[in-house]
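Here are the chains, one letter per residue:
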Amino acid sequence: MKSYNHVFFDLDRTLWDFDANSRAALIDICSVNGLSERIPVEEFIKVYQKINEMLWKAYRMGNVNKKTLRVLRFAKALEHFGIHDTLLGERMGEAYIDLSPKKTTLLPNTLETLDYLAGKYKLHIITNGFEEVQHTKLNNSGLSLYFTEVITSERAAARKPSPEVFQLALHLANARNHEAIMVGDDLETDMAGARAVWIDHVYFNPEKQLHNEPVTHEINDLCELRNLL
């Protein structure tokens, strides 16, 4: 097995359970704003998730900015249910940014795996999330103590899979590509991005989705990293 000194992790949907935490925050926000009595909350969440994913893709391509993404995703979701209320959309957007990062559900075996790796490697985060939001997630969920460097897309002024993000991460970690490995759940942003700068990578695929992408390793549970590293 190849020897590594640095392990880079994606954050959302790799360590921090984005879907569970987002859903919990959305339920709270709908309740506080009285939406639970006006629209079916589960349907609202599904619509919001589709719109949010679409806008995040636009953000990664540089077609929308941070502020627009945060407000527009709620405004458009409300409009789907016939609610045209810009102020409500803005209020929900602000509440989500405040509440969601404070949720603390992690993917199974996250802490056990990090405890195992922390004594053997230097651990870092590479994430496309916003600077203040991602640090709030790390701090509130008890993850921050494991990581030496946290590279966000805002800090890098670029977004995965851009090589600039990974090159900055290597520079800040004082690591060379052949002694680093990237762990993430996204074939495009994490795997292809790492591959483009000759970093080995581990595709975290808990849903066991079929694909034809060339990856260095593939796991379905974070605990499998013990067999690789």
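Read on for an overview of the structure. Numbers given for residues are sequential positions, taken from 1 along each chain in its written order. Under the rules for a predicted model, residues below a pLDDT of 70 receive no local features and side-chain atom pairs below 80 are neither given nor counted, while totals for whole chains, interfaces and linings still include all residues. For the side-chain quantities, the full set of heavy atoms in the structure was used; hydrogens and water were omitted.

## Quick notes on the pairing of strand 4 (residues 180-184)
Then, in step 1: Only protein chains enter the area calculation, which uses a 1.4 Å probe; residues under 20% of their type maximum are buried, those over 50% are exposed, and those in between are partly exposed. Secondary structure follows DSSP: runs of H or I at least 4 residues long count as helices, runs of E at least 2 residues long count as strands, and numbering of each begins at the N terminus. In terms of burial, strand 4 is largely enclosed, as 5 of its 5 residues are buried.
Then, in step 2: Alternating residues of strand 4 divide into A180, M182 and G184 and I181 and V183, and every residue in both groups is buried.
Then, in step 3: Strands are treated as partners if at least two bridges between them are detected by DSSP. Judged from the 4 bridges that link them, strand 4 and strand 5 (residues 200-204) form a sheet pairing that is parallel. Directly across from M182, in strand 5, lies its bridge partner H201.
Then, in step 4: Here the term right-handed applies to a crossover when the path leading from its first strand over the helix to its second strand runs clockwise, the strands being oriented away from the viewer. With helix 9 (residues 187-196) bridging strand 4 and the parallel strand 5, this β-α-β connection has right-handed handedness.

## Quick look at the nonpolar core
Then, in step 1: One finds F9, F44, Y96, L123, F147, L225 and L229 to be the most contacted residues of the largest nonpolar core, which totals 56 residues.
Then, in step 2: With 10 residues, the single largest contributor to this core is helix 2 (residues 41-60).
Then, in step 3: Among all residues touching F147, those that are not within four sequence positions of it are F9, L15, L114, L123, H124, I125 and L138.
Then, in step 4: Membership of the second largest hydrophobic core comes to 16 residues, among which are F166, A169, A194 and V197. Here, the term nonpolar core denotes a set of buried Ala, Val, Leu, Ile, Met, Phe, Trp, Tyr and Cys residues that are joined through side-chain atoms within 4.5 Å. The criterion used for residue contact is that any of the two residues' heavy atoms lie within 4.5 Å.

## Some thoughts on the layout of surface pockets
Then, in step 1: Taken as a whole, the largest pocket spans an internal volume of roughly 890 Å³.
Then, in step 2: Using a 1 Å grid laid over the protein atoms alone, points where a 1.4 Å probe fits but cannot get out form a cavity; open sets with protein on both sides within 12 Å along at least 5 of 7 lines form a pocket; any residue with an atom within 4 Å of a point counts as lining. Lining the largest pocket are 36 residues; nearest its centre among them are D12, R13, F18, E53 and D185.
Then, in step 3: Among the elements of the structure, helix 1 (18-32), helix 2, helix 4 (86-99), helix 6 (131-140), helix 9 and strand 5 are those that each provide at least two residues to the lining of the largest pocket.
Then, in step 4: No other element matches the 4 residues that helix 2 contributes to the lining of the largest pocket.
Then, in step 5: Residues are grouped as follows: Ala, Val, Leu, Ile, Met, Phe, Trp, Tyr, Cys and Pro are nonpolar; Asp, Glu, Lys and Arg are charged; all remaining types, including Gly, are polar. A class-by-class count of the residues in the lining of the largest pocket yields 13 nonpolar, 9 polar and 14 charged. Grid points are joined across faces, edges and corners, and a volume is the space filled by probe spheres set on the points.

## Some remarks on the sheet that holds strand 4
Then, in step 1: One open sheet accounts for 6 strands, arranged 3-2-1-4-5-6; its pairing is parallel. One side of each edge strand has no neighbouring strand; the edge strands of this open sheet are strand 3 (147-152) and strand 6 (217-219). Within this sheet the neighbouring strands show an average axis-to-axis angle of 20°, counted without direction.
Then, in step 2: Here strand 2 (residues 122-127) pairs with strand 3 via 5 bridges, running parallel. Directly across from I126, in strand 3, lies its bridge partner I151.
Then, in step 3: A fitted line through C-alpha atoms serves as each axis, taken over the contacting stretch for helices, and the angle formed by two N-to-C directions is quoted from 0 to 180°. Packing against the sheet, helix 6 makes contact with strand 2 and strand 3, and its axis sits at approximately 150° to strand 3.

## What about the pattern of salt bridges?
Charged atoms that come close allow side chains of opposite charge to pair.
Then, in step 1: A pairing counts as a salt bridge when a side-chain nitrogen of Lys or Arg comes within 4 Å of a carboxyl oxygen of Asp or Glu. A full pass over the atoms with the stated rule returns 11 salt bridges.
Then, in step 2: Here K137 and D12 are joined by a salt bridge, their closest N and O atoms 2.9 Å apart. Here K137, found in helix 6, pairs with D12, found in the loop between strand 1 (6-9) and helix 1; they are 125 residues apart in sequence, far enough to count as distant.
Then, in step 3: Since its relative accessible area comes to 4%, K137 is described here as buried.
Then, in step 4: A salt bridge links D190 to K160; the nearest nitrogen and oxygen atoms lie 2.7 Å apart. Of this pair, D190 sits in helix 9 while K160 sits in the loop between helix 7 (153-156) and helix 8 (163-173), and the two are 30 residues apart along the sequence. Like D190, the residue K160 is buried in the burial classification.
Then, in step 5: Connected through shared salt-bridge partners, D10, K160 and D190 make up one network.

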